[in-house]
Every structure is written in C-alpha cells, then in structure tokens.
Amino acid sequence: MQVTDELEAYMVALLPKRDRVLARLEKEAEAEGIPIVGPLEGAFLRLLVSLVGARQILELGTATGYSGIWLLGGTVGGHLTTFETDPERAARARVNFAEAQLQQAANVVEQDAIHGVEALDARFDVCFIDLINSFGSEDVTERAFQACLAKLRPGGLLLADNALRQGEVPQPASQQARNAARYNQLVATSARLEGLVVAIRDGLSVARVKD
C-alpha cells in the first residue's frame, strides 16, 4: 500500500505536538529546502533510542540539528557526537541545540564524518548515518558502514536514512541510489547484524549488532 500525503498527514496528526524548536526547524526546512527526517521518522528514531536505553549516540550529518534533537530526546542524560563539514550549518546546529537546552549534550564536530569516526576512541549505543545521498561512491558508502559498525557496542543500533532512495534501489541508476543499494546489501550480508528497511519517509535502515 502506498502511503499517500493524506495518510502521512493523518499519522503526523497522531504524534504529540512538537516543541517550539522542532516546530521552528520544520518550518525553516520547508521554506529553505533543507532536507530533514521529518516528524514521523524523528519520532521513530527517538523511540528506537529509548527502547535500547542508549546513552552514547553517533551521527553522520548534523545539518541544522533536527535529527540530533530527536535522537537525544530518547535518552536520559545521553550524549551526541555529530559530524558536519559545513561551518554555517554546524554553527546553526549549535544554536539550535542550545535553544533546545542540549548544548552540553551535543558535540558538533566540524570534520569529514568518515575520517572523524575512524579516529574516535569510543564506543556507541546508536549510530545514525544521514549522508548516504552525499557519499561520492559505493566504496565511500562501505567505508562509512564499516567505520560505524566498528564503533558500536553489542546490542547497539546502526541506522541509516534514505535507504530506499525515492524507490530507485531495485534498479539504481543515480549515485545516490547505488549508495543506498550497496548499503542495504552490506547490512543484509553482515554476519554481525540483523536488520531490515522500514518504509518510512525515504526508507530507514534499522540494524542491531548481535550480542
């Protein structure tokens, strides 16, 4: 069944009212064409984080901090390490985290995400990859996958947005679709993971690191 605009509006209406910061970021994203996960996927991310009792979260692709606020909302005293290469967006995200009273919980790192993750000496409960559309090749996509998987604890969650790439993944022609298809294949064939793609928004890959 196709999720129509009417059905999506119905599902969004069932969600609790977003706080002032999230509501503002949604309006700004629509007005400025900023890609965000949206309220349905945001609420799902928050639920997943809460279900695994996550405290340490890793994010690749901060943008304006919208998804990071949702992710931190699923924690109790949690911490987010998030990577963003655009200085303007990084600064904007810091302002938004501060307005959401999360300035102490969110560390916005202005660095290439893959290099940054590979250099981290830490383990995480959840990793959210929001850069599949931005990677330059399938090889870069695989490198990001391997880097994030190496930083996750047993029982941790590996999440990735845009896993369906607007329905193009069965016959991927664009680089974005080839990235998504490669990522999905990596999850499906990894002996360390159990996962699936959830058809929410543009597709969310959800995988758990086996104990």
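Heads up: these notes are all about the structure in this document.

The rules we used
Residues numbered from 1 in each chain as written. Predicted model: local features only at pLDDT ≥ 70, side-chain atom pairs only at ≥ 80, totals over all residues. Heavy atoms only, no water. Helix = DSSP H or I, 4+ residues; strand = E, 2+ residues; numbered from the N terminus. 1 Å grid on protein atoms, 1.4 Å probe; cavity = no way out; pocket = protein on both sides within 12 Å on 5 of 7 lines; lining within 4 Å. Points joined across faces, edges and corners; volume = space filled by probe spheres on them. Buried < 20%, exposed > 50% of the residue type's maximum accessible area, 1.4 Å probe, protein only. Lys, Arg positive; Asp, Glu negative; His and termini not counted. Salt bridge = Lys/Arg side-chain N within 4 Å of Asp/Glu carboxyl O. Polar contact = N/O pair within 3.5 Å; in protein donor to acceptor, adjacent residues only side chain to side chain. Contact = heavy atoms within 4.5 Å. Axes fitted to C-alpha atoms, helices over the stretch in contact; angles between N-to-C directions. Parallel < 35°, antiparallel > 145°, perpendicular 65-115°, else oblique. Left-handed = near helix turned anticlockwise from the far one by under 90°. Nonpolar A, V, L, I, M, F, W, Y, C, P; charged D, E, K, R; others polar.

Its identity is not glycine, yet Gln 166 carries a phi of approximately 55 degrees, on the positive side. Inspection of the secondary structure puts Gln 166 in the loop between strand E5 (152–161) and helix H8 (175–189). Backbone geometry at Arg 201 places phi at a positive 50 degrees, although glycine is not the residue there. Locating Arg 201 in the fold gives a position in the loop between strand E6 (193–198) and strand E7 (204–209).

In this section: empty space enclosed by the protein. What the rule picks out here adds up to one cavity of 30 Å³ or more. By volume, the largest cavity is sized at about 50 Å³. Together, Pro 35, Ile 36, Val 37, Gly 61, Thr 62, Ala 63, Tyr 66, Ser 67 and Asp 130 line the largest cavity.

Time to look at the side chain of Glu 59. Along the polypeptide, Glu 59 turns up in strand E1 (residues 56–60). The buried charged residue Glu 59 lacks any salt bridge partner; its closest oppositely charged side chain belongs to Arg 89, at an N-O distance of 11 Å. Of the polar contacts made by the side chain of Glu 59, one reaches the side chain of Ser 67; its length is 2.4 Å. Other than its neighbours up to four places away in sequence, Glu 59 contacts Ser 67, Gly 68, Leu 71, Leu 80, Thr 81, Thr 82, Phe 83 and Phe 128.

Moving on: the packing of helix H2 (residues 20–32) against helix H5 (residues 87–99). The N-to-C vectors of H2 and H5 enclose an angle of 150 degrees; their axes lie 9 Å apart at closest approach. By the angle class used here, H2 and H5 are roughly antiparallel. As for how H2 packs across H5, the hand of that crossing is right-handed. In this structure, H2 uses Arg 20, Val 21, Arg 24, Leu 25, Glu 28 and Glu 32 to contact H5, whose residues at the interface are Arg 92, Asn 96 and Glu 99. Residues of the contact of H2 with H5, tallied by class, amount to two nonpolar, one polar and six charged.

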